[in-house]
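Structural overview
Next come the chains, spelled out residue by residue.
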Amino acid sequence: MRIAELLASGERNVEVVAKGWVRTKRGNKNVAFIALNDGSTIHNIQVVAETAAFDEALLKSVTTGACLKVTGTLVDSPASGQPVEIQARTIEIYGGADPETYPLQKKGHTLEFLREIAHLRPRTNTFGAVFRIRHAMAYAIHKYFNDRGFVYWNSPLITGSDAEGAGAMFQVTTLDVANPPRKEDGSVDYAQDFFGRSTNLTVSGQLEGELAAMSLGLIYTFGPTFRAENSNTPRHLAEFWMVEPEMAFYEIGENMDLAEDFIKYLVNYALENCADDLAFLEKMYDKELTERLRFVIANDFVRLGYTEGVKILEEARDKKGVKFEFPVFWGADLASEHERYLVEQHFKRPVILTDYPKEIKAFYMKQNDDGKTVRAMDVLFPKIGEIIGGSEREADYDKLVARMQEVGVPVESMQWYLDTRRFGSAPHSGFGLGFERLVLFVTGMTNIRDVIPFPRTPKNAEF
Ligand code: 4AD
Ligand code: MG
């Protein structure tokens, strides 16, 4: 049985086996108390070993980080805060951990230090909790969509186009980059590259997701995406996971309804299924965590046009005590400080901002009749800023091509995409949820590097 099951077991005075890693060992010359954890729960099980019954050298090797197999009797624990403990009969050491060199000794470690040992940090309480919650959120995402008839769709990770324009791309090549084959005019000859053309890692699965929505109706992608932006912030990764539902026949209002319902479902799922891990994170890092989660579920998100949003920010700018680093005016792309002002100070609840100027949004968004704005929607969250970006899509072939030409998207190489509008076009909408930003919000962690096992950020891809 795993330790989570042992702790929940109603049986007593039965023989059990526990396997796991030693968190701590304490005791006296008569008895040793070993706290064992196997990753199945935030809680440890206490193993009680009478020193007289064990080889001294063996007990000496039971150090923090060592991995053990223990057999013994499951009994009520006299200690408070734990229902049961194991009276050890045998202890086998699978692998020791030298106290001189094992970095995760009992004392608390900073999150910065733990980032440097990302390969060992899942053994800490904090990262055990975070990664169990991350898993629960991934499961809940699939469950949410499956229960509603959406098909899980896989867009390619290696793409031949930079259609989205969402961010700088990572090139994928097998050419010798130091000395690539060149054409007569001196430019690199990508015809000799693996795919016979230049290719990149995808910044978003949306465009291929649109193809799927135009045949399967309701789809979602959930996979890694890559952006070579040099943004060293607590909310950006170069490799992050995105969830992108795409829905035939949805207009922007239905898109907003889905986004709000989806996030509330996920937050609620965490509260219902990750209570122990959330309680730990709340105690250690964020005293308002579950209160904030409950608040999001209980309250309607504000729905507000970009134009009104900018007015509020312009008025706020002149108020005492408000200081924005970046300028705000109609047409400006909002910075995270502006988004967070609206959410945290003005409305004090999540905001869905819509109808942005077309110049600051992607070419595929449906154009409004005013000729200036598009049916974009960004969901803005406390502590996070933008957690979702999405839109109704331009379904009209001529308008779409005209916009592509205006902004310089290569129409020729995008015929596969334009076919959705050429043959049986339909109104449709979708959005992208940044998975790590969701996990940030739900765990209350403050740096995105702490919610993904191996963060990829500028100058950091060590293992
Ligand atoms: O707003 P974005 O760029 O939208 C798209 O990529 C659309 N194709 C989505 C769609 O409509 N299907 O990104 C969507 C979300 C953002 O709101 C943010 O949560 C997250 O992805 N995101 C990042 N997360 C971590 N690191 C980064 N560098 C991110 N860039 C975007
Ligand atoms: Mg965005």
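The structure contained in this document is the topic of the report that follows.

Basis of the calculations
Residues numbered from 1 in each chain as written. Chains lettered and ligands numbered in written order. Predicted model: local features only at pLDDT ≥ 70, side-chain atom pairs only at ≥ 80, totals over all residues. Heavy atoms only, no water. Helix = DSSP H or I, 4+ residues; strand = E, 2+ residues; numbered from the N terminus. Buried < 20%, exposed > 50% of the residue type's maximum accessible area, 1.4 Å probe, protein only. Contact = heavy atoms within 4.5 Å. Areas by Shrake-Rupley, 256 points an atom, 1.4 Å probe, with all protein chains shown as cover. Near = heavy atom within 4 Å. Polar contact = N/O pair within 3.5 Å; in protein donor to acceptor, adjacent residues only side chain to side chain. Pairing = 2+ DSSP bridges. Core = buried A, V, L, I, M, F, W, Y, C linked by side-chain atoms within 4.5 Å. Axes fitted to C-alpha atoms, helices over the stretch in contact; angles between N-to-C directions. Parallel < 35°, antiparallel > 145°, perpendicular 65-115°, else oblique. Left-handed = near helix turned anticlockwise from the far one by under 90°. Nonpolar A, V, L, I, M, F, W, Y, C, P; charged D, E, K, R; others polar. Arc of directions from axis to C-beta. Phe/Tyr/Trp six-rings, centres within 6.5 Å; stacked < 30°, edge-to-face > 60°. Lys NZ or Arg CZ within 6 Å of the ring centre and 35° of its normal.

For the rest of this paragraph, the subject is the overall build of the chain. Per the secondary structure count, the chain includes 13 helices and 16 strands. Over its C-alpha atoms, taken along the principal directions, the chain stretches across nearly 85 × 60 × 45 Å. Counting the 463 residues in the chain, one finds 52% classified as buried. Considering only contacts in the chain between residues 6 or more positions apart, those separated by 24 or more positions represent 66%. Entry remark: accessible area of the chain is about 22,100 Å², with carbon and sulfur atoms responsible for 51%.

Before going further, it helps to examine the site of ligand 1. Looking at ligand 1, there are 24 residues lining it, with Gln 206, Arg 227, Glu 244, Glu 386 and Ile 387 nearest. At a separation of 2.8 Å, an oxygen atom of ligand 1 approaches a polar side-chain atom of Arg 227. Relative to its unbound accessible surface of 630 Å², ligand 1 loses 92% to contact with the protein. Within the residue set of the shell around ligand 1, elements represented by two or more residues are strand S11 (239–248), strand S15 (385–392) and strand S16 (428–434). If one sorts the elements of the shell around ligand 1 by residue count, S15 sits on top with five residues.

So, on to the sheet that holds strand S7 (residues 158–159). One open sheet holds the three strands; their spatial order is S7-S9-S8, and the pairing between them is antiparallel. Two strands lie at the open edges of the sheet, namely S7 and strand S8 (171–172), each paired on one side alone. Here two bridges tie S8 to strand S9 (residues 199–201), and the two strands are oriented antiparallel to one another. Within S9, the residue paired with Val 172 across the bridge is Thr 199.

Along any regular strand, the residues point their side chains to alternate faces of the sheet. Across the seven residues of strand S2 (residues 31–37), six count as buried, placing the element largely inside the fold. In the sheet, strand S1 (residues 14–27) pairs with S2 via six bridges, with the strands oriented antiparallel. Bridge pairing in S2 links Val 22 to Leu 36. Joining the antiparallel neighbours S1 and S2 is a turn of three residues. Judged from the six bridges that link them, S2 and strand S3 (residues 45–50) form a sheet pairing that is antiparallel. Note on S3: the bridge partner recorded for Phe 33 is Val 48.

Before going further, it helps to examine the nonpolar core. In this structure, Met 137 and Ile 387 are the most contacted members of the largest nonpolar core, which totals 66 residues. With residues near it in sequence (within four places) discarded, Met 137 still touches Leu 266, Tyr 269, Ala 270, Phe 435, Leu 438 and Val 442. Ranked by size, the runner-up nonpolar core spans 34 residues in total, among them Val 310, Ala 376, Leu 400 and Val 409.

The angle between the axes and the distance between the axes are what describe a pair of packed helices. Look at helix H4 (residues 125–147) against helix H6 (residues 252–273): their axes get within 10 Å of each other, and the N-to-C directions meet at 135°. The angle between the axes of H4 and H6 places the two elements in the oblique class. Crossing handedness for the pair H4 and H6: right-handed. Along its contact with H4, which presents Ala 136, Met 137, Tyr 139, Ala 140, Ile 141, Lys 143, Tyr 144 and Phe 145, the element H6 presents Leu 258, Asp 261, Phe 262, Tyr 265, Leu 266, Tyr 269 and Ala 270. Considering only residue class, the contact of H4 with H6 consists of 13 nonpolar, no polar and two charged.

Here we come to helix H11 (residues 397–407). Taken together, the buried positions of H11 are Leu 400, Val 401, Arg 403 and Met 404. Take H11 and look down its axis: the buried residues cluster within an arc of 160°, on one side only. In this structure, H11 carries Asp 398, Gln 405 and Glu 406 as exposed residues pointing more than 90 degrees from its buried face. Of the residues that open H11, the one with a side-chain oxygen 3.0 Å from the backbone nitrogen of Asp 398 is Asp 396. Once H11 ends, the next one or two residues include Gly 408, with phi positive near 80°.

This part covers the packing of aromatic side chains. Considering all chains together, one arrives at 22 aromatic pairs under this definition. Between the aromatic rings of Phe 194 and Phe 195, the centroid separation amounts to 4.8 Å while the plane-to-plane angle is 75°, which identifies the pairing as edge-to-face. We classify Phe 194 as exposed; its relative accessible area is 61%. Each residue in the set Tyr 139, Tyr 144, Phe 145, Phe 150, Tyr 152, Tyr 220, Phe 262, Tyr 265, Tyr 269 and Phe 431 is aromatic and connected to the rest through ring pairs, giving one cluster. Its guanidinium or amino end placed over the ring of Tyr 356, Lys 361 lies 4.3 Å from that ring's centre, counting from NZ or CZ. Between the NZ or CZ atom of Lys 372 and the centre of the ring of Trp 330, over which it lies, the distance is 5.5 Å.

The next thing to look at is the packing of H11 against helix H12 (residues 415–422). Running from N to C, H11 and H12 cross one another at 150°; their axes reach a closest spacing of 9 Å. If you check the angle between H11 and H12, you find them roughly antiparallel. Regarding H11 and H12, the two cross each other, and that crossing is right-handed. Listed contacts from H12 to Tyr 397, Leu 400, Val 401 and Met 404 of H11 are Tyr 417, Leu 418, Arg 421 and Arg 422. Looking at the contact of H11 with H12, its residues break down into six nonpolar, no polar and two charged.

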